[in-house]
Structure formats: structure tokens, C-alpha cells
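# Residue-level structure breakdown
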Amino acid sequence: MNIYRTTRLMLSGAAFFSLAGSAFALDGADLLKKINAAYEAQGGTISAEGVDINGTTVTLKNVTVKPTGGESLPIGEVTLSGVEEDEEGGYYIEEAAFPDINKTGDGVTVTAQELTLGGISVPATPGGDTLDGMMLYETAHTGPLKVVKDGTEVFSLLQSDMNLTLREDESGFDFDGAFKSMKADLTKTDDPKSKDAIEKLALQHVQGDITMKGAWELGPGTIDVSEIGFDFTNIGKLNLGFKISGYTMAFMKSMQDAMKESEANPNKEQAQQALGLAMLGLMQQLSFEGAQVRFEDASITKRALDYAGTQQNMSGKQMADSLKAMTPIMLAQLNIPELQNAVSAAVNTFLDDPKSLTVKATPEKPVPFPTIVGAAMGAPNTLPQVLGVKVSAND
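Residues numbered from 1 in each chain as written. Predicted model: local features only at pLDDT ≥ 70, side-chain atom pairs only at ≥ 80, totals over all residues. Heavy atoms only, no water.

For the protein, the name recorded in an unreviewed UniProt entry is DUF945 domain-containing protein, with Rhizobium sophoriradicis as its organism.

## Comments concerning the overall build of the protein
This is how it is decided: A helix here means a DSSP run of H or I that spans at least four residues, while a strand means a run of E at least two residues long, and both kinds are numbered starting from the N terminus. As defined in this context, the radius of gyration uses C-alpha atoms, and a globule is described by 2.2 Å times the residue total to the power 0.38. Any residue under 20% of the maximum accessible area for its type is buried, any over 50% is exposed, and the rest in between are partly exposed; the area is computed with a 1.4 Å probe on protein chains only. By definition in these notes, contact holds between two residues if any of their heavy atoms fall within 4.5 Å. Charged residues are defined here as Lys and Arg on the positive side and Asp and Glu on the negative side; His and the ends of the chain fall outside this count. Taken as the charge location is NZ of Lys, CZ of Arg, CG of Asp or CD of Glu.
On a plain count of helices and strands, the protein comes out with ten helices and 19 strands. The C-alpha radius of gyration of the protein comes to 28 Å, more than 25% above the 21 Å expected for a compact globule of 395 residues. Judged by the C-alpha coordinates and their principal axes, the protein covers about 105 × 50 × 50 Å. Here the protein, with 395 residues, has 33% of them falling under the buried criterion. Taking the intrachain contacts of the protein between residues at least 6 apart in sequence as the baseline, contacts between residues at least 24 apart amount to 55%. Side-chain charges in the protein split into 31 positive and 52 negative, and the spacing between the mean points of these groups amounts to 5 Å.

## As for unusual backbone geometry
If you check the backbone angles, E170 has positive phi at about 55 degrees while not being a glycine. Take E170: it is sitting in the loop between strand 11 (152–166) and strand 12 (172–185). Located in the positive-phi region is N234, a residue other than glycine, with phi close to 60 degrees. Along the chain, N234 turns up in the loop between strand 14 (222–232) and strand 15 (236–245).

## A short note on the packing of helix 7 (residues 316–332) against helix 8 (residues 337–352)
For the record, the criterion: For every element, the axis is a line fit to its C-alpha atoms; helices are fit only across the contacting stretch, and the angle between N-to-C directions ranges from 0 to 180 degrees. Oblique is the label for every angle not falling under 35 degrees (roughly parallel), over 145 degrees (roughly antiparallel), or within 65 to 115 degrees (roughly perpendicular). Charged means Asp, Glu, Lys or Arg here, nonpolar means Ala, Val, Leu, Ile, Met, Phe, Trp, Tyr, Cys or Pro, and polar covers whatever is left, Gly included.
In contact at an axis separation of 9 Å, helix 7 and helix 8 are set at 170 degrees when each is read in the N-to-C sense. Between helix 7 and helix 8, the angle is such that the two are roughly antiparallel. Residues A320, L323, K324, T327, P328, L331 and A332 of helix 7 form the contact with helix 8, whose own contacting residues are Q340, V343, S344, V347, N348, L351 and D352. Residue composition of the contact of helix 7 with helix 8, grouped by class: eight nonpolar, four polar and two charged.

## Some thoughts on helix 4 (residues 249–264)
Condition: To estimate how far a helix should reach, multiply one less than its number of residues by 1.5 Å.
Along its 16 residues, helix 4 runs 23 Å from first to last C-alpha, staying within 8% of the 22 Å computed at 1.5 Å per residue. Within helix 4, the full set of buried residues consists of M249, F251, M252, M255, Q256, A258 and S262.

## With respect to the side chain of T327
Inspection of the secondary structure assignment puts T327 in helix 7. Judged by its relative accessible area of 15%, T327 is buried. Contact partners of T327, with chain neighbours within four places excluded, come to V343, S344 and V347.

## A closer look at a negative patch on the surface
Let me state the cut-off plainly: Put simply, a patch holds well-exposed residues, over 30% relative accessible area, that have no salt bridge, with like charges counted together within 9 Å and Val, Leu, Ile, Met, Phe, Trp or Tyr side chains within 5 Å. Values of accessible area rely on a 1.4 Å probe in the Shrake-Rupley scheme; residue burial ignores everything except the protein chains shown. By convention in these notes, a salt bridge is any Lys or Arg side-chain nitrogen within 4 Å of a carboxyl oxygen on Asp or Glu.
Taken together, the side chains of D27, E85, D86, E87, E88, D132, E168, D169, E170 and E217 define an acidic patch exposed on the protein surface. Its place among the elements puts E217 in strand 13 (residues 205–217).

## Structural notes on the domain arrangement of the protein
In plain terms, the rule: The domain limits used here are those given by an automatic or database domain assignment.
Along its sequence, the protein is carved into domain 1 (25–141) and domain 2 (298–393). With centres defined by C-alpha atoms, the gap from domain 1 to domain 2 works out at 46 Å.

## Brief notes about the packing of aromatic side chains
As a reminder of what qualifies: When the centres of two rings from Phe, Tyr and Trp lie within 6.5 Å, Trp using its six-membered ring, the rings pair. Their planes under 30 degrees apart give stacked, over 60 give edge-to-face, and anything left gives tilted.
What the rule picks out here adds up to three aromatic pairs. Note on F173 and W216: the rings are 5.5 Å apart at their centroids and 75 degrees apart in plane angle, and the pair reads as edge-to-face. One end of the pair, F173, is in strand 12; the other, W216, is in strand 13, with 43 residues separating them in the sequence. Here W216 falls in the buried class, since its relative accessible area comes to 5%. Between W216 and Y247 the ring centres are 6.4 Å apart and the planes differ by 70 degrees, which places this aromatic pair in the edge-to-face class. Note that W216 is positioned in strand 13 and Y247 in the loop between strand 15 and helix 4, a separation of 31 residues in sequence.

## Some thoughts on a nonpolar patch on the surface
A cluster of nonpolar side chains, L238, V293 and V359, forms an exposed patch at the surface whose accessible area comes to about 190 Å². Looking at the secondary structure, you find V359 in strand 17 (residues 356–361).

## Let's talk about the confidence of the model for the protein
For residues with low pLDDT, the predicted coordinates do not support detailed interpretation. Our working rule: Every residue is assigned a pLDDT by the predictor, reflecting its confidence on a scale from 0 to 100.
The share of residues in the protein with pLDDT of 70 or more is 93%, and the mean pLDDT across the chain is 88. Residue range residues 1–23 is modelled with pLDDT below 50. Its contacts to residues more than four positions away, or to other chains, number zero contacts.

## Some words on the pairing of strand 4 (residues 73–85)
Quick note on the threshold: At least two bridges found by DSSP between two strands are what make those strands a pair.
As paired elements, strand 3 (residues 57–67) and strand 4 share six bridges and run antiparallel to each other. Within the sheet, the bridge partner assigned to T64 lies in strand 4 and is P74. Both strand 4 and strand 5 (residues 91–98) contribute to a ladder of six bridges, which runs antiparallel. Its bridge partner lying in strand 5, S81 is registered against E95.

## A few points about the nonpolar core
Our working rule: Throughout this description, the term nonpolar core refers to a set of buried Ala, Val, Leu, Ile, Met, Phe, Trp, Tyr and Cys residues connected via side-chain atoms within 4.5 Å.
Core analysis: the largest hydrophobic core is formed by 19 residues, its most contacted members being L31, I35, L80, V83 and I93. Secondary structure elements with two or more residues in this core: helix 2 (28–41), strand 3, strand 4, strand 5 and strand 8 (115–122). Leave out the neighbours within four places in its chain, and V83 touches L26, L31, T56, V58, Y91, Y92 and I93.

## Comments concerning the pattern of salt bridges
By the definition in use, this model includes 15 salt bridges. A salt bridge links D321 to K317; the shortest N-O distance between them is 3.2 Å. Pair noted here: D321 and K317 are both in helix 7, with a separation of four residues, about one helical turn. The exposure class of K317 is exposed, given its relative accessible area of 60%. Each of K317, D321, K324 and D352 takes part in a single network of salt bridges with overlapping partners.

The structure is reproduced here in C-alpha cells:
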């Protein structure tokens, strides 16, 4: 009797867990539908010929991606691991692994490995005015990337990484990224003049990194890119930064809608004109808050002066002196005396001892883009004052 009761309980338990497993099994079609809906809301479509499920792993077969206004791009098999459905009907994907790339055409072969996205949030319902309605990822990674032309490796990248961190109050996110150990072989350049310039400037083999850092604040739509840095050995580091406001969720949606309408219009010439007008209208919502360009020299300036000097039958120092004399004359035509003096002083300081050159634009308050356009068209000499432009060297 006890054996019968025990057996019946075990069978009942097995049936319960079997039903529970079926009830909580992933719906691959629903997952793909919501991924596609979220991607379409952000400007494109995703399709797959089939979906396989194995526990928390979902495999999308023969995936194709089509950006708005672009051509379809075949991706292949995409593996989504650690997939979970949340209470609202959205999904969290621990990692999406993409197939390696190996494409050859016109004597050029491009290969890339270890292509992954991590921490992907797929919304139940895309759209809206909050980040909950966007498909976001936490990390993006690529391994070695190579470009080989006629048997010679002309470009390579060791790896790249992007990170996106959502703020606790979901008011926006911070991001950073790095493209590490980029190498370019310029020795195979065919044009004789370009080849000569490359040799004189010692740019046969270029190596360096690219880094970036910034943030997006959702409410005012403030995009603050504090760094886009190009740091190359024996050349220098160029850092770009800018800050604009007005790039809200509503702005982004309007821009995507305009692009969709343009793509749907069979009259391409008319579509481009309509898109241009729509973009001009949208730009009125944006304001400029600041920008910076800074170059830190690592010996390229002297080589550039020497090379430019040889083209004029003079030394590098004579070339520098010539530039110092020409700068105020050229700037005088712009009728910006205050900036003219600052630029001339900075150029003189930098050419005498090349260390760094910085251009900053820091207006007292945000400047609407239409104001900038109006000043550029009507009174370009007022732009430096409107934008608060300052120039300095070796600081």
C-alpha cells in the first residue's frame, strides 16, 4: 500500500513538473516578434527563417537585418543564451553570439571573430517616452578583425568593446568604448605622390587606439560626448567632444518616422527633398551647449613642417615662420579681431614648441541650432562670439 501511494505521488509530481516546464517554456516566435518590433521602432527590421529552442538558449536561423533606408544584410545563425521572460512580457538575453565574418571580393578579404552583445533588454511594448520601451544592450564586443588585400594584411584591430550603463533612476545612461591596437599598413599605396608623403611623414605603419566616453540624459535630451580620442603612436592624440540638448525620445521617434516615410515614397527625388525639409525642421529642436577639439603632438608636427617645407624649397623652421606670418593675414579677412589675436598667439606658441593645440566653444547658455545657421549665413564673423570660441596652445 505504501509502495502504491509513493509511486502515485512520484507520478503526480512528474506530471506537475512536466506541465510547469511546458507552461514556462520560451516562446521563440514571440521573442523574435518583440525583438523585431523593438528594432523596427529604432530604425530597421530583422527576419529569421527559423527558431530553435533548447532550455534558455534560442537559435535564430538565417537571420537578415535591414536598416531603414539601407539594403538587407545576411547575418546567418545567431545564438541567444540565458534568455528569460519577465513579468511584463519582455525578455532579457544574457548574450547574443553572431557568426564570424569571412568575406572576399575584388581581392580583399575581411574577417572578424568573437562578435557578441551582452545584457540585452527586449521591451514587451516598444516606443513611449522612457528607456523601458527601447531595446538596449549592456556590452558589445568584437575580437580580432583583419583586412587582407592581395595577400597583404593592410588593416587589423585586436578587439573592440562598448559598455552602456543604465542609471539607477533610469533618467539616462552612460557609455564608453575602446577600439584597441589598430594597425594600418600604408606601404602598398599605388599613387607616387601619396607614397612619397607617407614615407617622408613616416606613416608606413600606423598603430593606435580609439576611445570614447559620454552620456545621454533622457529628459532634456542632452547628449554629452566628453571624449572621442584618436591616439596613434609617433603621431599624436586628437580628442573631440561635444554637447547638445533636445535629442529626446520624441525627437528620435520623429526622425525615424521621417526616414520611414522617405523610404516608403517611390519617388526618390521627392522623398529626399521631403526628408531634407523634415530634418531642417527637426534641427530647430536642438541646441548647442559646447564642443572641444584638442590635439596633443607626438612628433608628427615637425615631420609635417619638414615635408611641407621641402615642397616649397625651404626648411621646416622656415615653413613654421611662414605659417606664423600668414595666420594673422588670413584671419584678418574674417573680421574677428578678438579671435584673430588669440589664434595667432596660439599658432605661434604651438609652432615654436609643438605640444598641444585646443579649440573650445563654450557659450554662456545653450544656443539653438537655427541661431547658429542664421549667424553663419547672415553674419559669420559673429559666430565665434555666439559660440564662445577660445583657442589656446600648450596648456
